[in-house]
Amino acid sequence: MAATSYLTPTQSYAAGALFGLALNQAQIHRTHPLGLYTAEEPADERTSSGSSSDSVSEDPELWVHQKSGLLRPVFEFLEIDSSAWSGLEETTGYSPAKHHVGAFLRLLSEESGDNSSQRADLELALSKAIDVTALSMEKDSESSKSKREKHLEYEHECREKLSNAEVQSSSEAADVHLVPETDSNMSDDKDAHLGSMTKMDEKPIEEVTMLSYRRKVTVLYLLLSACLADTRDDNKKCSRRRKGYDARHRVALRLLATWLDIKWAKMEAIEVMVACSAMALAKEKESKGGEGKQSSERKWAKWKRGGIIGAAAITGGALMAVTGGLAAPAIAAGLSALAPTLGTLIPVIGASGFAAAASAAGTVAGSVAVAASFGAAGAGLTGSKMARRVGGVDEFEFKAIGENHNQGRLAVEILVSGLVFDEEDFLRPWEGQIDNLERYVVQWESKNLIAVSTAIQDWLTSSLALQLMKQGAMMTVLSTLLTALAWPAVLLAATDFIDSKWTIAVDRSDKAGKLLAEVLLNGLQGNRPVTLVGYSLGARVIFKCLQFLAETEHDAELIERVVLLGAPISIKDENWEAARKMVAGRFVNAYSKNDWTLGVAFRASLLTQGLAGIQPINIPGIENVDVTDLIEGHSSYLWATQEILDQLELDTYYPVFRSTLCKQ
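What counts, and where the lines are drawn
Residues numbered from 1 in each chain as written. Predicted model: local features only at pLDDT ≥ 70, side-chain atom pairs only at ≥ 80, totals over all residues. Heavy atoms only, no water. Helix = DSSP H or I, 4+ residues; strand = E, 2+ residues; numbered from the N terminus. Buried < 20%, exposed > 50% of the residue type's maximum accessible area, 1.4 Å probe, protein only. Contact = heavy atoms within 4.5 Å. Areas by Shrake-Rupley, 256 points an atom, 1.4 Å probe, with all protein chains shown as cover. Pairing = 2+ DSSP bridges. Axes fitted to C-alpha atoms, helices over the stretch in contact; angles between N-to-C directions. Phe/Tyr/Trp six-rings, centres within 6.5 Å; stacked < 30°, edge-to-face > 60°. Lys NZ or Arg CZ within 6 Å of the ring centre and 35° of its normal. Salt bridge = Lys/Arg side-chain N within 4 Å of Asp/Glu carboxyl O.

Some remarks on the overall build of the chain
Check the secondary structure of the chain and you find 24 helices and 9 strands. Considering the chain as a whole, with its 664 residues, one finds that 60% of them fall into the buried category. Across the chain, the fraction of contacts at a sequence separation of at least 24, relative to all contacts at a separation of at least 6, is 82%. Carbon and sulfur atoms provide 51% of the accessible area of the chain, an area that totals close to 25,000 Å².

Structure representation (structure tokens):
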């Protein structure tokens with residue numbers, strides 16, 4: 001049996017319950033992030049319109065509801081008695097997690113005399129494989145140093161190229177506080193707390209010390225496998241639109257890893273191992289290609305009895321789509337290294353099966369054959385050019401960046417620049433980043449973006465602009481945006497020539513956002529959770545993407561995290577609640593109070609009260625981060641984005657921004 005190879009029935013029950021609690025808490029934390037509130041949350045906190053319901057069965061918007069398709073397949077995989085499912089759903093859906101987590105951890109720590117020695121051996125082998133994989137994924141210090149040095153060179157180049165009065169004016173305005181006391185920034189006190197917070201306020205769960213490291217990582221491995229091995233047939237009662245790695249599942253696993261005090265890097269290693277085992281099975285199946293459906297089902301049963309379910313399930317003889325772009329020499333090396341350990345743990349594949357997959361992965365033909373078994377449609381992101389699918393968009397292309405491609409990463413990051421002076425500005429702001437995601441940048445509408453960026457820069461260096469800056473007129477830009485007052489005539493006349501280019505760029509960003517949403521809905525990223533990060537008009541592309549996803553009635557199954565930096569998005573005129581609902585985990589709005597350049601460019605929306613790039617947004621669940629100390633002017637996002645992302649520590653579950661590390 002799948003679960004009982006590692007866990008007793010009682011332990012499987014506890015593991016399923018803990019995952020259900022984490023899934024429900026992750027949904028609650030979208031509007032009540034950990035650490036933002038000191039007051040204790042009500043025990044009957046709800047996350048949907050069905051807040052008056054007395055039963056999970058009456059509240060289908062809950063992630064733990066049967067209709068979501070997120071929890072019951074996990075119970076089925078763990079072979080929990082079906083008669084207990086509804087009771088588990090009720091417990092995880094409407095009970096405060098803190099009242100139950102400790103109890104289920106205690107159940108998980110209990111040992112049984114039956115086959116306990118065999119389970120201990122399995123746990124030991126699995127934990128060693130995880131440690132080896134995690135070690136192999138650690139970034140080389142020399143490589144990291146080189147990336148940082150190159151990023152510093154880029155910053156120096158940008159500062160020389162863009163040297164103008166914007167920086168001077170920004171420094172002069174540093175002591176001016178322009179954000180009025182309106183309802184749009186009623187949460188300033190909470191935001192200040194967030195800015196200084198460096199760790200979660202809650203203490204570790206005491207019972208977690210009762211669990212061995214081996215048991216913890218084994219449970220996480222089984223739960224990830226359960227999330228991915230959804231073998232259900234099409235179920236009309238289930239609202240889950242696709243199989244694969246759901247963003248809501250990944251956020252719940254992130255929270256559970258926090259409860260278990262397991263570093264997220266270990267969980268990422270588990271993800272790679274799962275991808276390796278799925279890839280090995282795909283190759284092993286390919287080598288015996290004549291098998292029919294019945295034989296495939298027998299193999300599936302054998303694989304479950306072997307004790308590990310990888311990232312794929314066999315349904316009707318076909319491998320479930322999970323990832324895109326696997327099977328290259330890089331992952332071949334990983335398969336070879338893991339072959340002895342995983343071969344023992346997965347008898348149906350065996351060490352020879354992993355070795356065969358590694359050999360095939362090292363060839364071009366093998367790479368294509370095995371990669372085709374995974375989830376990216378066509379050639380995946382880097383093979384897709386989406387130009388002209390939406391009227392007026394002439395350029396929209398994904399470019400791979402970083403070192404994690406073809407290495408079995410089960411999560412994707414898409415990065416969108418929005419202020420560019422030449423094509424290298426699409427990539428270079430992101431090159432210093434160090435993480436374990438498979439990363440892509442979007443190159444979009446470069447002609448229009450370069451035109452508007454250059455127009456703004458030309459205006460900033462004009463004699464009229466310099467004179468207005470000396471007169472302090474730029475502070476009027478911000479104050480009028482925040483209070484919906486009219487601009488002085490002299491400012492309106494001075495910025496007329498920016499308007500046409502800016503209006504075109506905004507229109508293109510809105511259409512590019514729709515294109516990005518179409519890409520994600522079509523699964524070109526593989527069925528993997530996506531993190532979206534963008535600055536300036538790139539942040540607007542992401543926001544419009546979320547809005548379009550909301551119109552399709554999808555929930556947060558696709559997007560795990562979002563970071564918007566210096567976003568030219570109005571606060572009053574946009575549906576931020578709908579955008580927030582599309583994101584399973586953290587949603588960050590980074591703003592600079594003195595970014596008057598953004599105000600100048602955004603002046604087409606004269607009646608807009610509030611602008612996300614210069615002030616906080618009073619929407620539950622959005623982390624507002626004041627980066628004024630890091631942003632000298634709007635162009636600073638070209639080189640400061642990397643430092644902001646470092647200080648956000650996105651791999652933590654709870655809100656973090658280490659403002660104490662800001663430049664003085």
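Still to come is the rest of the account.
A short note on the sheet that holds strand 8 (residues 587–591)
Taken in spatial order, the 7 strands of this open sheet run 3-5-4-6-7-8-9, and their pairing is mixed. In this open sheet, the two strands that pair with only one neighbour each are strand 3 (396–401) and strand 9 (622–626). Strand-to-strand twist in this sheet, taken as the mean axis angle between neighbours without regard to direction, amounts to 20°. Two strands pair when backbone bridges link them, and strand 4 (residues 412–416) and strand 5 (residues 438–444) are joined in this way by 5 bridges, in the parallel orientation. When the sheet's bridge partners are listed, V416 is paired in strand 5 with V442. Strands in contact with helix 24 (residues 637–648) are strand 6 (530–535), strand 7 (559–565), strand 8 and strand 9; relative to strand 7, the strand with the most contacts, it is inclined by about 135°.

Re the packing of aromatic side chains
Applying the stated criterion across every chain yields a total of 6 aromatic pairs. Judged by centre distance (4.4 Å) and plane angle (50°), the rings of F543 and W576 are tilted. Placement of F543 in helix 21 (residues 537–551) and of W576 in helix 22 (residues 576–581) is noted, with a sequence separation of 33 residues between them. On the accessibility criterion, F543 (0% relative accessible area) is buried. Residue W576 is classed as buried on the basis of its relative accessible area, which comes to 1%. The rings of F543, W576 and F587 are connected pair by pair, giving a single aromatic cluster. In this structure, R254 packs its charged tip against the face of W264, placed 4.0 Å from the ring centre.

Brief notes about the environment of G418
Mapped onto the secondary structure, G418 falls in the loop between strand 4 and strand 5. Sequence-wise, G418 and E445 are 27 residues apart; in three dimensions their C-alpha atoms are separated by 9.8 Å. Leaving out residues up to four positions away in the same chain, G418 has contacts with W444, L449, Y535, S536, L537 and G538.

Observations regarding the pairing of strand 9
Among the 5 residues that make up strand 9, 4 are buried, leaving the element largely enclosed by the rest of the structure. Where strand 8 and strand 9 come together, 5 bridges link them in parallel fashion. Across the sheet, A590 pairs through a bridge with V625, a residue of strand 9.

What about the side chain of E560?
Mapped onto the elements, E560 comes out in strand 7. When residues no more than four places from it in sequence are discounted, the contact partners of E560 are A247, R250, V251, R254, P529, V530, T531, V583, A584, G585 and R586.

Quick word on the pattern of salt bridges
If the charged atoms of two oppositely charged side chains come close together, the side chains can form a pair. Tallied over the entire structure, the rule returns 28 salt bridges. Among the ionic pairs, D646 bridges to R148, the shortest N-O distance being 3.2 Å. Here D646 is found in helix 24, whereas its partner R148 is found in helix 6 (residues 141–161), with 498 residues between them in sequence. The exposure class assigned to D646 is partly exposed, which follows from its relative accessible area of 36%. Among the residues examined, R148 registers a relative accessible area of 33% and is labelled partly exposed. Sharing partners across several salt bridges, the network here consists of R250, R254, E271, E560, R561 and D651.

Comments concerning unusual backbone geometry
Excluding glycine, residues mostly carry a negative phi; peptide bonds, for their part, are mostly trans. Positive phi, close to 40°, is recorded for E445, a residue that is not glycine. Note that E445 resides in the loop between strand 5 and helix 16 (446–460). Residue E445 is classed as buried on the basis of its relative accessible area of 3%. One non-glycine residue with positive phi stands out, namely E649, at about 45°.

Description of helix 24
Of all 12 residues that make up helix 24, 10 are buried, and the element is covered over most of its length. Residues Y637, L638, W639, A640, T641, Q642, I644, L645, Q647 and L648 constitute the buried set of helix 24. Two residues or fewer past helix 24, E649 is found with a positive phi of approximately 45°.

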